[in-house]
Amino acid sequence: MEQLFKPGADAIFRLVLFIVIFSAAAALAVAAALSGSAFVTGTTIAARQPVPFSHKHHAGELGIDCRYCHTTVETEATAGLPPTYTCMTCHSQIWTGSPMLAPVRDSLARNQPLHWTRLNRLPDYVYFDHAIHIAKGIGCSSCHGQVQEMQLTYAVQSFTMGFCLDCHRAPQNNIRPQDEIFDMAWTPPADQAERGRALLAHYHIRPPAELTDCSICHR
Amino acid sequence: MPPRPELLRLWRGLDDPAHDPALRRFLRAEFPAAAALAEGPDRRSFLRLMAASLALAGLTGCDDAEDGHAQEVPYVRQPERMMPGRLMRFASATLLDGFANGVTVHTRNGRPLKIEGNDAHPWSRGGTDIFAQASVLGLYDPYRSQSVCSFDRISDWQAFGAAVTGWFAALREGRGAGLRLLTGPLTSPTTLAAVAAMRAAYPEMHWHSHAAVGRAALREGTVQAFGRRLETRWRFDRARVVVSLDGDFLDPGPQQVGVARDWIAARQAGARNGMLPSLHAVATAPGLTSARADFHAPARPDAIMTLADGLIADVSGTGGSDDGGSDALAEWRRRAAAALRGARGASIVLAGVAQPPSVQVAVHRLNAMLGNLGRTVFFTEPAEAEAESLASLTGAMARGEVGTLVMLDVNPAYDAPADLDFTEHLAKVRLRIHAGLYADETARRCDWHIPLAHPLESWGDARSLDGTVSLLQPTIAPLYGGRSVAEILSLLTAPQAPRGGHDLLRAHWQESVDEAAWHEALLGGFLPGTSFAEEPVAAQQVAAAPAAPRPPRAAGLHVLFRPDPGIWDGSFASNAWLQEMPRPLTKLVWENALSVAPALAAREEIAQGDVVVLEADGRRVTGPVWIMPGQADDTVVVTLGYGRTALDLLAPETGYDAYVLRTAVSPWQIAGAALQRTGRRVELATAQFHNTMEGHDFVRVQRIGASPVGDTAAWTAPHFYDESKKESDGRAWGMVIDLDACIGCNACAVACQAENNVAVVGREEVMAGREMHWLRIDRYFAGPAQNPDTHFQPVPCMHCEDAPCEVGCPVEATLHDHEGLNLMVYNRCVGTRACSGYCPYKVRRFNYYDYSAAAPPSEQQQRNPEVTVRARGVMEKCTYCVQRIAAARIVSDRTGAPIPLDSVRTACQNACPTRAIHFGDLARGDSDVAAARRDPRHYALLGELNVRPRTTYLAKWAPPDAAPPPPAG
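Owing to the predicted nature of the structure, the values given are computational and were not obtained by experimental measurement.

Participant: How should the overall build of chain A be read in this particular structure?
Facilitator: Tallying secondary structure elements over chain A gives 12 helices and 1 strand in all. Start at the N end of chain A and walk to the C end: the helices and strands fall as α-α-α-α-α-α-β-α-α-α-α-α-α. Against the 2.2 N^0.38 benchmark of 17 Å for 219 residues, chain A shows a C-alpha radius of gyration of 25 Å, more extended than a compact globule. Taking the principal axes of its C-alpha atoms as reference, chain A extends roughly 100 × 50 × 35 Å.

Structure representation (structure tokens):
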């Protein structure tokens, strides 16, 4: 009886096997990379806004405190967006004729709110509270990045559950003293491991097992 | 071994002892609710399901705006103290038939979301009822009337103003001759002032008032007994015996919240001192009052007067006359009479709104003879103002004397007694104006319909039963441009210069309340010191009055009219929460039935669900039969509120319209009716047989003086779990439900629905066992079907410490946190329903369809943003209001102060009018819930399972001389 397979069949089989496994792995890797990419998550992409508001100019160059506009960040779940009135406290005096600011003046004149595009977004089943994070030593830049350098604002984090859990499992890597919360250029100091442990005790931060209870974020 | 408590032989419905094979199969199925799915869909439903799944799969790709981004919209000018998402509280009141119940309205982002109690309010004292809880849904009801209509055509206020200006100017010329005003019962001082102002402008105007569930018999009773209109009030804390002759003080109604609180408080105080005040009740139709009675008996309606006379004879010692009643009734009378004789000056005899004036007079006589007047029974001015009757209005309409009829917040075309022929006479009126929340049956027959503002949208005031004036303040601008009754009266009085609601309200109280006190009153929700003072009555006079003649014993069946325990007289027919709330005794939803006694059903060979024709005086209704244990023989109970014909309603043409049979002469009962079978049988939508737990001692009864029925077995029994591995952060949330304080009113269940975005599923889904209520109230009967004891047991999630559901879940979507909560993580759930199969208490609910997404946009405005809206395919259940715990925890962590003791209150706990639910931190020995756990009556539901439930119960009290329960069988 004649051989069914030629001597090279083994090699072909191995090659096919390799290609199948490799392409499956490659497809998974591409899918994983794509799902976390800016293209899908929208991070690092500045969305169109009614006014090209520059955090770099206001927060970075002028040094206006975050809380001047985001007034409820220390007391409420949401940081809050400034009402048109807040913009106009200054812009009724300066840049009063700027065409860029026309939508703001319009909003005040017609008593119609500005519609901003949301950048940082959480799923509806996640309940994030700004106030408790500020109170427990998490600074703005830990989640929102170097906002003071953004000419047009964009999100730096996609807020996957992994991102939240990384910190809830090891908050000592990210917590800061109260006077550095609004320091947008903050980077962990060399001795963060040691300082973090001291701050954990100072803030009475719960152990990771409790911080990762589902009911901490999901209701 | 702890002593085994007396087992009550409990059953839940008449089909239950009958061991209906279909029911047994239903119960044996692991997932009764999924049985229809397991049978396999036919080709059409398969295709429909596939199409639906495809469409739904496509929808997941959608996002809020066209560019895939949601929007953030800040204010132009930030209102003071208003922060995005922050909870704001406004003291206000909800209304039932014009009577107020002081509440607190919780709003977020400018939207009223939830009604909570107002602890400081002298009448409600923090309690609420189902109507208060459901009123937020009523506000957002998409079926509400949304514009001024003229002959069914959309119009506007300007056109209405223009149309009435000339007409009412002409009326003014004629001193208002031919002008008639018809309103519901009015307790509001401001609205009454507006009526007076209108009468001043039109001196010959007549004002009539109409309520389908009127209190006319009570008023007529005091007029006959004391010569004046009075409200009868009770001091339960001074009474040892309460005898109720078809009384309704625990049933839904304007009295429920305050009176039930008084009764339960007196009962608990008495039980602590070993002197449990006992409730003796006869009832023609079982209600919440007779269900909670220690001694009860059914009685035919014509036997009540005989019974009252018998009690008078017993008490006066002139010897009992033979009442010819059943053995149970005779036995009841002996007990009640003996108890009354032993408690002169410390007893209360009362009767309900459905009893005729003759019985009311007899009750006053009894109280006078017993020396109760001024001690346990006292009288005040009635809260509702006196007006002419509906019958006198229809009389005038028939004579053609009515040229202009203004109907405010009433729907007589639907709920007027049939013998008045209201709609026929309405056609003779030249100008008909109707104002209401809905474009209802009356609106359709009117020249003008104008939308009324919801109580949550308007300024106003109203009195509670005790006279306390509550202030209503708007928590949202009128959604559809409606106006309040007082504003409309002002418009009709002076069409050129109508006044606003706030203006009218403040102007009315300008003289008596200064600015500082007014500010205080708005914050508190009521005007202090406005409750009525006690009115002295001449006790001698009533005691000496001759006895009223007894009604002859009528042949045939008695038809008894009762308001529906959910949708009342039909005014809440559009409220889905109330429609789907299982009625306390029948557990029926979305429809009404003709209730008959078991004996009558047996005699007439009628089975549950048989469609019958009930005929009386040549008028007839057709509906399915419900066999009601404990109902008096030869009676048929019909409930009001269904059979609506207005099309702009949530569920038109469901049930039958009982008003067709009603007469103005005898609004609560008619005799000489007959039943006729049609041969058809329908399935009734009831939540009764779903999720039963059988053969256990669910409800325990603690007789005074008997050994404690509570046990600690559920916490001390050994078990296999490794205790040492359990971590805790020091808090341990727990709940104790006092079954003795529970009156089965359902306020907790509706409050839970409002707080937790619990979906409404509709009649068909309930019939498939898919109701979503996180908190159900189980109702059990014990004893003979003719006269059973009734027990209510609210069952939320037990939050078992060793929860079986957690073992069942393959994806860890249900698990414990460190505060002892059994969590449900919706975003992890893959919908295996294994947890529900593992749950011994059957408190888990599964989203078979995307129930929540189907809700109309306006109703979605009511949703609590602090609670996830569940999608299709996930399991859900009671969370102990985890959002409230989380809010308290965040504040505590942020400020460093511990959570104040007993400050976290669940929605059900806050809603309860009788404070039956205790919730708090078990780890703190001084907490309310820890104290409740130390009560000797404390026991766990299915404690023998050793799952260590965090929700536990306190046994019901029973007087020492109560009949011992029949042995377990």
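Participant: Where do I start with the interface of chain B and chain A in this structure?
Facilitator: The figure often quoted for interface size is the accessible area lost as the parts come together. The interface of chain B with chain A comprises 40 residues on the first partner and 39 residues on the second. A buried area of about 3600 Å², summed over both sides, lies between chain B and chain A, and 54% of it is on carbon and sulfur atoms. On the chain B side of the contact with chain A, E72, V76 and R894 of chain B bury the most area, a combined 21% of that side's loss. There are 4 salt bridges connecting chain B and chain A. Between D893 of chain B and R206 of chain A there is a salt bridge, with its nearest N and O atoms 3.1 Å apart. Where chain B packs against chain A, one counts 19 residue pairs in polar contact (both at pLDDT 80 or more).

Participant: Help me understand the confidence of the model for chain B, please; the structure alone is not making it clear to me.
Facilitator: Fine structural detail should not be taken from predicted coordinates in areas where pLDDT scores are low. Residue and element names in this part refer to chain B. Per-chain confidence: chain B averages 86 in pLDDT, with 88% of residues scoring 70 or above. In this model residues 1-7 is a low-confidence stretch, pLDDT under 50, and it forms 11 contacts with partners more than four residues away in sequence or in other chains. Confidence over residues 54-63 falls short of pLDDT 50; this stretch has 3 contacts with residues more than four positions distant or in other chains. Scoring the predicted complex yields pTM 0.90 and, for the interface, ipTM 0.89.

Participant: Just checking my understanding: could you explain the sheet that holds strand β13 (residues 295-298) of chain B for this structure?
Facilitator: Strand pairing in a sheet takes place through backbone hydrogen bonds and is either antiparallel or parallel in direction. Residue and element names in this part refer to chain B. If you walk across this open sheet you meet the 4 strands as β13-β12-β11-β14, and the pairing is parallel. Here the strands that pair on one side only, and so sit at the sheet edges, are β13 and β14 (347-351). Direction aside, neighbouring strands of the sheet carry axes that sit 10 degrees apart on average. On the sheet, helix α13 (residues 357-369) packs against β11 (241-245) and β14 and is oriented at approximately 175 degrees with respect to β14.

Participant: Please explain the sheet that holds strand β27 (residues 669-681) of chain B as it appears in this structure.
Facilitator: As summarised here, the arrangement of the 6 strands in space is β22-β26-β23-β25-β24-β27 (chain B), forming a closed barrel in which the pairing is mixed. Ignoring strand direction, the axes of neighbouring strands in this sheet form an average angle of 45 degrees.

Participant: Quick question: what am I supposed to make of the packing of aromatic side chains here?
Facilitator: The description of an aromatic ring pair rests on the distance of the ring centres and on the angle between the ring planes. For the structure on display, the rule yields 20 aromatic pairs over all chains. Considering the side-chain rings of F159 of chain A and F163 of chain A, the 5.7 Å spacing of their centres and the 65 degrees angle between planes classify their relative orientation as edge-to-face. Classification of F163 of chain A as partly exposed rests on a relative accessible area of 23%. Consider the rings of Y880 of chain B and F919 of chain B, whose centres lie 5.1 Å apart with planes at 75 degrees: the pair is edge-to-face. With Y880 of chain B in the loop between β35 (875-876) and α30 (882-895) and F919 of chain B in strand β36 (residues 917-921), this pair connects stretches of sequence that are 39 residues apart.

Participant: Help me understand the side chain of D129 of chain B in this model?
Facilitator: Residue and element names in this part refer to chain B. Mapped onto the fold, D129 is located in the loop between β5 (111-117) and α5 (130-139). Of the side chains with opposite charge, K114 lies nearest to the buried D129, which makes no salt bridge, at 11 Å. Beyond its immediate stretch of four places on either side in the chain, D129 contacts L96, N101, G253, Q256, V257 and A747.

Participant: Is there a simple way to think about the packing of helix α7 (residues 189-201) of chain B against helix α18 (residues 485-493) of chain B in this case?
Facilitator: Any two packed helices are characterised by the angle at which their axes cross and by the distance between the axes. All names here are of chain B. Running from N to C, α7 and α18 point in directions that differ by 15 degrees, and their axes come no closer than 9 Å. Taken together, the axes of α7 and α18 are roughly parallel relative to one another. In this structure, α7 crosses over α18, and the sense of that crossing is left-handed. Along its contact with α7, which presents T191, A194, V195, A197, M198 and A201, the element α18 presents V485, A486, L489, L492 and T493.

Participant: Would you mind showing me how to read a nonpolar patch on the surface here?
Facilitator: Judged by side-chain polarity, I12, F13, V16, L17, V20 and I21 of chain A come together as a nonpolar surface patch covering roughly 600 Å² of accessible area. Since its relative accessible area comes to 54%, F13 of chain A is described here as exposed.

Participant: Just checking my understanding: could you explain helix α9 (residues 161-169) of chain A for this structure?
Facilitator: Every α-helix winds through 3.6 residues per turn, so residues three or four apart in the chain are directed the same way. All names here are of chain A. If you check which residues of α9 are buried, you get L165, C167 and H168. Buried residues in α9, looked at end-on, bunch into an arc of 165 degrees, giving them a common side. For α9, the exposed residues set more than 90 degrees away from the buried face come down to D166 and R169. Contacts from the buried residues of α9 go to α7 (130-135), α11 (208-211) and α12 (214-217).

Participant: I keep staring at unusual backbone geometry and nothing clicks. Help me out?
Facilitator: All names here are of chain B. Its identity as a non-glycine residue notwithstanding, D617 has a phi of 50 degrees, on the positive side. The topology assignment puts D617 in the loop between β24 (610-616) and β25 (619-627). Judged by its relative accessible area of 58%, D617 is exposed. With phi around 55 degrees, E812 is a residue other than glycine that occupies positive phi space. When you line up the elements, E812 lands in the loop between α27 (804-808) and β32 (814-816).

Participant: Would you mind going over the nonpolar core with me for this structure?
Facilitator: A general feature of soluble globular proteins is that nonpolar side chains tend to end up buried together. All names here are of chain B. Counting residues in each nonpolar core, the largest one holds 168 residues, and the members touching the most others are F249 and L614. Every residue in contact with F249, bar those within four places of it in the chain, is listed here: W234, F236, V242, Q255, Q256, V259, A260, W263, L279, T289 and L350. Grouped together as the second largest cluster of nonpolar side chains are 31 residues, V195, V406, L431 and I488 included.

Participant: Is there a simple way to explain the state of the cysteines in this structure?
Facilitator: What is meant by a disulfide is a covalent connection between two cysteines, made through their sulfur atoms. All names here are of chain B. Using the criterion set out here, one finds 0 disulfides over all chains in the structure. You can see C809 has no disulfide; the closest cysteine sulfur is in C835, sitting 6.2 Å from it. You can see C839 has no disulfide; the closest cysteine sulfur is in C805, sitting 6.3 Å from it. Accessibility expressed as a relative area gives 8% for C839, which makes it buried.

Participant: Teacher, can you tell me more about helix α6 (residues 157-173) of chain B here?
Facilitator: All names here are of chain B. Counted at 1.5 Å a residue, the expected span for α6 with its 17 residues is 24 Å, and the 24 Å between its end C-alpha atoms agrees. The largest bend along α6 reaches roughly 30 degrees and is located at T165. Buried within α6 are the following residues: W157, F160, G161, V164, T165, F168 and L171. Where α6 is buried, its residues meet β8 (179-183), α7, β16 (404-408), β17 (431-436), β18 (448-451) and α18. R175 sits one or two positions beyond α6 and adopts a positive phi of about 55 degrees.

Participant: Where do I start with a negative patch on the surface in this structure?
Facilitator: Together, D419, D421, E424 and D617 of chain B give the surface a local cluster of negative charge. The topology assignment puts E424 of chain B in helix α16 (residues 422-426).

Participant: Would you explain the environment of L684 of chain B in this entry?
Facilitator: Residues and elements named next belong to chain B. As for its placement among the helices and strands, L684 is situated in the loop between β27 and β28 (701-703). Take L684: its relative accessible area is 8%, and that puts it in the buried class. Those residues in contact with L684, other than ones at most four positions away along the chain, are L588, E591, A593, Q608, G609, P624, V625, W626 and M767.

Participant: Which parts of the structure should I look at to understand the pattern of salt bridges?
Facilitator: For side chains bearing opposite charge, pairing can occur when the charged atoms are close. Residues and elements named next belong to chain A. In total, this model carries 56 salt bridges over all chains according to the counting rule given. Put simply, E210 and R206 hold a salt bridge, and the shortest N to O gap is 3.1 Å. The same class applies to E210 as to R206, namely buried. Judged by relative accessible area, R206 falls into the buried class, the value being 15%.

Quick notes on the rules
Residues numbered from 1 in each chain as written. Chains lettered and ligands numbered in written order. Predicted model: local features only at pLDDT ≥ 70, side-chain atom pairs only at ≥ 80, totals over all residues. Heavy atoms only, no water. Helix = DSSP H or I, 4+ residues; strand = E, 2+ residues; numbered from the N terminus. Rg over C-alpha atoms; globule rule 2.2 N^0.38 Å. Contact = heavy atoms within 4.5 Å. Buried area = accessible area lost by both parts, 1.4 Å probe. Salt bridge = Lys/Arg side-chain N within 4 Å of Asp/Glu carboxyl O. Polar contact = N/O pair within 3.5 Å; in protein donor to acceptor, adjacent residues only side chain to side chain. pLDDT = per-residue confidence, 0-100. Pairing = 2+ DSSP bridges. Axes fitted to C-alpha atoms, helices over the stretch in contact; angles between N-to-C directions. Phe/Tyr/Trp six-rings, centres within 6.5 Å; stacked < 30°, edge-to-face > 60°. Buried < 20%, exposed > 50% of the residue type's maximum accessible area, 1.4 Å probe, protein only. Lys, Arg positive; Asp, Glu negative; His and termini not counted. Parallel < 35°, antiparallel > 145°, perpendicular 65-115°, else oblique. Left-handed = near helix turned anticlockwise from the far one by under 90°. Patch = residues over 30% accessible without salt bridge, like charges linked within 9 Å, V, L, I, M, F, W, Y side chains within 5 Å. Areas by Shrake-Rupley, 256 points an atom, 1.4 Å probe, with all protein chains shown as cover. Arc of directions from axis to C-beta. Core = buried A, V, L, I, M, F, W, Y, C linked by side-chain atoms within 4.5 Å. Disulfide = S-S within 2.5 Å. Expected span 1.5 Å × (residues − 1). Bend = angle between axes of the 7 residues up to and from the residue. Charge placed at Lys NZ, Arg CZ, Asp CG, Glu CD.

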